[in-house]
Amino acid sequence: MNLKHWGGRLLLGCILVLAALACQSADILVTQLQPTATPTRTVRPTFTPIPPTATLVPPSPTPPPTIAPTPTRTPTRRPTARPPTAVPPPPVVVQPTAVVSKMPYAANPASCTHSGGQYIKGKVYDSSDPSAYGVSGLKVALGGGGGTDPWIVINNFDDGVYSFTLAGDAGPYKPAGTYYVWVMDSNGNRISDVGGPININPLPPDAAGTCWAGSVDFWRR
């Protein structure tokens, strides 16, 4: 019984050894049959340099428009009160003393109207009364305002009337001119105030200021 038992064990051990040898032989055979692996060189990837991307710089913000500062208004100063200027008293106007003419004859204001011819006439009275008689035997001068440069001298008539004819009714008429008259004695001395002015002109009858026939009367003081 033991021999069979040990014989079975031995047989089982042989089988196990043979199986182990067979597996090893199979591994060797498989190893030999596989191709020898050639070591492969790992290729490093080539990197193409990427151009640097331009950094986008944000645009500078547009500065706000410069606003001029509003000038500060300086408060208006009140003017310094000044003492009132003393108003000088009005000048004393000295009224000129009326010069009393020493001439024996006075002259009335001159007058002038339109007429057919140009002339100056008047009358020398014995007094200031218009109804007084005329004074004859006197000389009457026609000239400038000074009363010292007579242009024409005539004798008055017996009734005291005098007349200077500048232009007849048919002309030729005198241009505009200013005339004065005065009375003289027989020696040529002025014995009256100067009468005038008489502004003789050739204006038509209806024109304003027309003056063809001038007149100045004199009267004894």
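Located above this text is the structure these notes cover.
Residues numbered from 1 in each chain as written. Predicted model: local features only at pLDDT ≥ 70, side-chain atom pairs only at ≥ 80, totals over all residues. Heavy atoms only, no water.

Quick notes on the environment of Ala 213
So, point 1. With respect to the secondary-structure elements, Ala 213 resides in strand β9 (residues 213-215).
So, point 2. You can call Ala 213 buried: its relative accessible area is 10%.
So, point 3. As a C-alpha pair, Ala 213 and Asn 199 span 14 residues in sequence and 9.7 Å in three-dimensional space.
So, point 4. Leaving out residues up to four positions away in the same chain, Ala 213 has contacts with Ser 111, Cys 112, Thr 113, Ser 115 and Tyr 119. (Helix = DSSP H or I, 4+ residues; strand = E, 2+ residues; numbered from the N terminus. Buried < 20%, exposed > 50% of the residue type's maximum accessible area, 1.4 Å probe, protein only. Contact = heavy atoms within 4.5 Å.)

Side note on the state of the cysteines
So, point 1. Under the defined criterion, the tally for this structure stands at one disulfide.
So, point 2. Across the disulfide, Cys 112 is cross-linked to Cys 211 (sulfur-sulfur distance 1.7 Å). Note on the Cys 112 and Cys 211 pair: the S-S dihedral is about 95°, so by sign convention the disulfide is right-handed. Residue Cys 112 is located in strand β2 (residues 111-113), and its partner Cys 211 is located in the loop between β8 (195-200) and β9; the two are separated by 99 residues in the primary sequence. (Disulfide = S-S within 2.5 Å.)

Let's talk about the packing of aromatic side chains
So, point 1. Counted according to the given criterion, the structure contains four aromatic pairs.
So, point 2. With a centroid separation of 5.9 Å and 80° between ring planes, the pair formed by Trp 151 and Tyr 179 is classed as edge-to-face. Linking Trp 151 in strand β5 (residues 150-155) with Tyr 179 in strand β7 (residues 177-184), this pair joins segments that are 28 residues apart in sequence.
So, point 3. Tyr 179 gets classed as buried once you look at its relative accessible area, which sits at 12%.
So, point 4. Considering the side-chain rings of Tyr 162 and Phe 218, the 6.4 Å spacing of their centres and the 50° angle between planes classify their relative orientation as tilted. Remark: Phe 218 occurs in strand β10 (residues 218-220) and Tyr 162 occurs in strand β6 (residues 161-167); sequence separation between them is 56 residues.
So, point 5. Overall, Tyr 162 belongs to the buried group, its relative accessible area being 0%.
So, point 6. Members of the aromatic cluster, each reached through a chain of ring pairs, are Tyr 162, Phe 164 and Phe 218. (Phe/Tyr/Trp six-rings, centres within 6.5 Å; stacked < 30°, edge-to-face > 60°.)

What about the sheet that holds β7?
So, point 1. As summarised here, the arrangement of the four strands in space is β5-β4-β7-β8, forming an open sheet in which the pairing is antiparallel. Of all strands in the sheet, those with a lone pairing partner are β5 and β8, marking the two edges. Going from strand to strand, the sheet's axes swing by 25° on average, the running direction of each strand aside.
So, point 2. Inspection of the sheet shows β7 paired to β8 by four bridges, in the antiparallel sense. Along β8, the bridge assignment pairs Tyr 179 with Ile 198. (Pairing = 2+ DSSP bridges. Axes fitted to C-alpha atoms, helices over the stretch in contact; angles between N-to-C directions.)

A word on the environment of Pro 202
So, point 1. Turning to its location among the elements, Pro 202 is positioned in the loop between β8 and β9.
So, point 2. Taking the C-alpha atoms as reference points, Pro 202 and Lys 174, separated by 28 residues in sequence, lie 7.0 Å from one another.
So, point 3. If we ignore the near neighbours within four places in the chain, the residues touching Pro 202 are Gln 118, Lys 174, Pro 175, Ala 176 and Trp 212.

Here's the deal with unusual backbone geometry
So, point 1. Cis geometry marks the peptide bond from Gly 171 to Pro 172, where omega comes out at 0°.
So, point 2. Mapped onto the fold, Pro 172 is located in the loop between β6 and β7.
So, point 3. In this structure, Pro 197 follows Gly 196 across a cis peptide bond, with omega equal to 5°.
So, point 4. Structurally, the position occupied by Pro 197 is in strand β8.

Observations concerning the pairing of strand β3 (residues 118-125)
So, point 1. In this structure, β3 lies alongside β6, joined through six bridges in antiparallel fashion. Bridged to Gln 118 within β6 is Ala 167.
So, point 2. Summarising the sheet, β3 and β9 pair through three bridges and their orientation is parallel. Bridge pairing in β9 places Lys 121 opposite Ser 215.
So, point 3. Inspection of the sheet shows β3 paired to β10 by two bridges, in the parallel sense. When the bridges of β10 are listed, Val 124 appears paired with Phe 218.

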